[in-house]
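The residues making up each chain are set out below.
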Amino acid sequence: MSVFKKVRDTFSLLRSVDMEQLAKINQQIDLSEAMKTLGALDERQLKGLMKMLKTKRKKGKSDLPPIDGDFYDLDLKLTEEQRKLQMDVRNFMEDEVRPLVNDHWNRAEFPFEIIEKFKKLNITGVPYEGYGCPNLPFLMEGIIAQEIARVDVSISTFFGVHSGLAMGSIYLCGSEEQKQEWLPEMQKLEKIGAFGLTEPNVGSGVAGGLETTCKLDGENWILNGQKKWIGNATFADVIVIWARDEDSNQVKGFLVRKENPGFKAEKMKDKMALRIVQNALITLENCKIPESDRLQKANSFKDTAKVLRMTRAGVAWQAVGCARGAYESALKYTRKREQFGRPIASYQLIQDHLVEMLSNLTAMQTLVFRLSEMQDAGLLSDEHASLAKVFCSMRTRDVVSRAREVMGGNGILLEYDVARFVADAEAIYSYEGTKEINSLIVGRAITGHSAFVS
């Protein structure tokens, strides 16, 4: 290199250097030593160093990627109106419900004050036509279930029991008179519903083994037996009770009013999951129900199964919401929590857990999205809903476990939300058909052989 070129390059370098900034750096490090170190780096190392320095200078905490569990942008498939409704529910859950849930979950009490605020959303009975219901696609029922469960699974369960199981039973199996009597007020949340199928001794075997009985006596039916795990039942105005007819041995449905003589609902205590949900042990002792309150289109368990098929898809969406809430909470935590001078989100093992969680979540989201599309197209079968329930409830367990893992000891504290998701995922895993029962439904469909014990 010529002397002239060296002088020219040196002059150009001096013009580009901020001498004041250089003086500040010289006060903090030995510049001559730094120059020797830099001079010893090869081209690849220098490029890596510059990339790191530029990233640190350009990207502060405020420029981190948004925390969003919808990695494949499935929300873009929604219409503008559907997206607005989704965000209305999300904002409601963030503003009105999130501040309340940990305290109420800890005390196993229901925040009744949110019901009045819930009314303004007009989301009850989403897929039903008439009776004041929105008549929106089943896809939106799923989206709403996800958004509610993303903040709290208990509130999602309250909503699913009322809007899905109770209203759905009346909508699918009730007479026109029964629909007119109950659905408009239930849609406005003026009346609250519950759904009584599971019993103390009968869970998975409800199809043929109900111990709660009904017998026609003149113009009335006499119900005897018990129901267990019945959400909303401690304060519901109407409880759909399924019972076995002593004469025909067929399953029938009844609209039991809370004031009916012979009806008693006792709050179940000491649960480790869904603590906000007010589950009850129901006792029916010579409970007299008029024929007018028998669901007129529920004459066998096949009719009960219609309701379960419709709502099981919603439970799969609920599992997705639980997983999404846990993933987003964990991601937020790892970006704030620092160890050894760096956010733990910058460590390889933490990122591996986060990616595993996101992979499971994204697979679940795409599955339930397609499931709801099939439901809206009239293509949904029992095995489709069951496969979604099996897969999503299993993967949710994995997601919440990893969320707990990356948070260390803080993962068991309610203030970080994940502990609640971990516990509530166990309830999702069991209700609306266990993993085993739903697997047998899918197995029967793909093999042509029933493995159920008859």
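Computed from a predicted structure; not experimentally measured.

(A) Main features of the overall build of the protein. Summing up its helical and strand segments, the protein has 15 helices and nine strands in all. Burial analysis of the protein (454 residues in total) assigns 48% to the buried set. Within the protein, residue pairs in contact and separated by at least 24 positions form 75% of the contacts whose partners lie at least 6 positions apart. When the accessible surface of the protein is split by element, carbon and sulfur atoms take 53% of a total near 23100 Å².

(B) Quick peek at the side chain of K271. Within the secondary structure, K271 sits in the loop between β6 (263-267) and β7 (280-290). In this structure, K271 is buried with no salt-bridge partner, the nearest side chain bearing the opposite charge being D424 at 8.0 Å. Setting aside its immediate chain neighbours within four residues, K271 contacts W229, V277 and N279.

(C) The arrangement of the nonpolar core in detail. Ranked by size, the top nonpolar core spans 74 residues in total, and within it F118, I123, I148 and I155 carry the most contacts. Contributing elements (two or more residues each) for this core: α5 (80-107), α6 (113-119), α7 (138-151), α8 (153-173), α11 (301-336), α12 (348-376), α13 (382-406) and α14 (418-430). The element that contributes the greatest number of residues to this core is α11, accounting for 13 residues. I123 has contacts with L85, V89, F118, I144, I148 and F159, leaving out every residue within four places of it along the chain. The next biggest cluster of nonpolar side chains, apart from the first, holds 28 residues, and it includes C133, C173, V240 and W242.

(D) Region of the structure containing the pattern of salt bridges. Scanning the model with the defined rule gives 28 salt bridges in all. Note that D417 and R98 form a salt bridge whose closest N and O atoms lie 3.0 Å from each other. Highlighted residues: D417 in the loop between α13 and α14 and R98 in helix α5, separated in sequence by 319 residues. Among the ionic pairs, D247 bridges to K215, the shortest N-O distance being 3.1 Å. Note that D247 is positioned in the loop between β4 (238-245) and β5 (251-257) and K215 in strand β2 (residues 213-217), a separation of 32 residues in sequence.

(E) Geometry of the pairing of β2. In the sheet, β2 pairs with strand β3 (residues 220-230) via five bridges, with the strands oriented antiparallel. Counted as the bridge partner of L216 is W221 from β3. Counting the residues between successive antiparallel strands, the hairpin from β2 to β3 contains two residues, one of them, G218, with a positive phi of roughly 70 degrees. Note that β2 and β4 share two bridges and pair parallel.

(F) Inspection of the confidence of the model for the protein at higher detail. Model confidence for the protein is summarised by a mean pLDDT of 89, while 88% of its residues fall at 70 or above. Predicted confidence for residues 56-60 stays below pLDDT 50, and this span has one contact to residues more than four positions away or in other chains.

(G) α14, seen in detail. Taking 1.5 Å of rise per residue, 13 residues should cover 18 Å, and α14 covers 19 Å from first to last C-alpha, within 8% of that figure. All buried positions along α14 are accounted for by V418, A419, R420, F421, A423, D424, A425, A427, I428 and Y429. Buried residues along α14 sit against α5, α7, α8, α11, α13 and α15 (435-447).

(H) Focus on the environment of A313. With respect to the helices and strands, the residue A313 is situated in helix α11. Since its relative accessible area comes to 2%, A313 is described here as buried. As for A313 and V368, which are separated by 55 residues in sequence, their C-alpha atoms are 7.4 Å apart. A313 has contacts with L371, Q375 and A385, leaving out every residue within four places of it along the chain.

(I) Structural context of unusual backbone geometry. A positive phi angle is found at Y131, which is not glycine, with a value near 60 degrees. Along the chain, Y131 turns up in the loop between α6 and α7. Judged by its relative accessible area of 17%, Y131 falls in the buried class. One non-glycine residue, N232, adopts positive backbone phi at about 75 degrees. Residue position: N232 is located in the loop between β3 and β4.

Cut-offs applied
- Residues numbered from 1 in each chain as written.
- Predicted model: local features only at pLDDT ≥ 70, side-chain atom pairs only at ≥ 80, totals over all residues.
- Heavy atoms only, no water.
- Helix = DSSP H or I, 4+ residues; strand = E, 2+ residues; numbered from the N terminus.
- Buried < 20%, exposed > 50% of the residue type's maximum accessible area, 1.4 Å probe, protein only.
- Contact = heavy atoms within 4.5 Å.
- Areas by Shrake-Rupley, 256 points an atom, 1.4 Å probe, with all protein chains shown as cover.
- Lys, Arg positive; Asp, Glu negative; His and termini not counted.
- Salt bridge = Lys/Arg side-chain N within 4 Å of Asp/Glu carboxyl O.
- Core = buried A, V, L, I, M, F, W, Y, C linked by side-chain atoms within 4.5 Å.
- Pairing = 2+ DSSP bridges.
- pLDDT = per-residue confidence, 0-100.
- Expected span 1.5 Å × (residues − 1).

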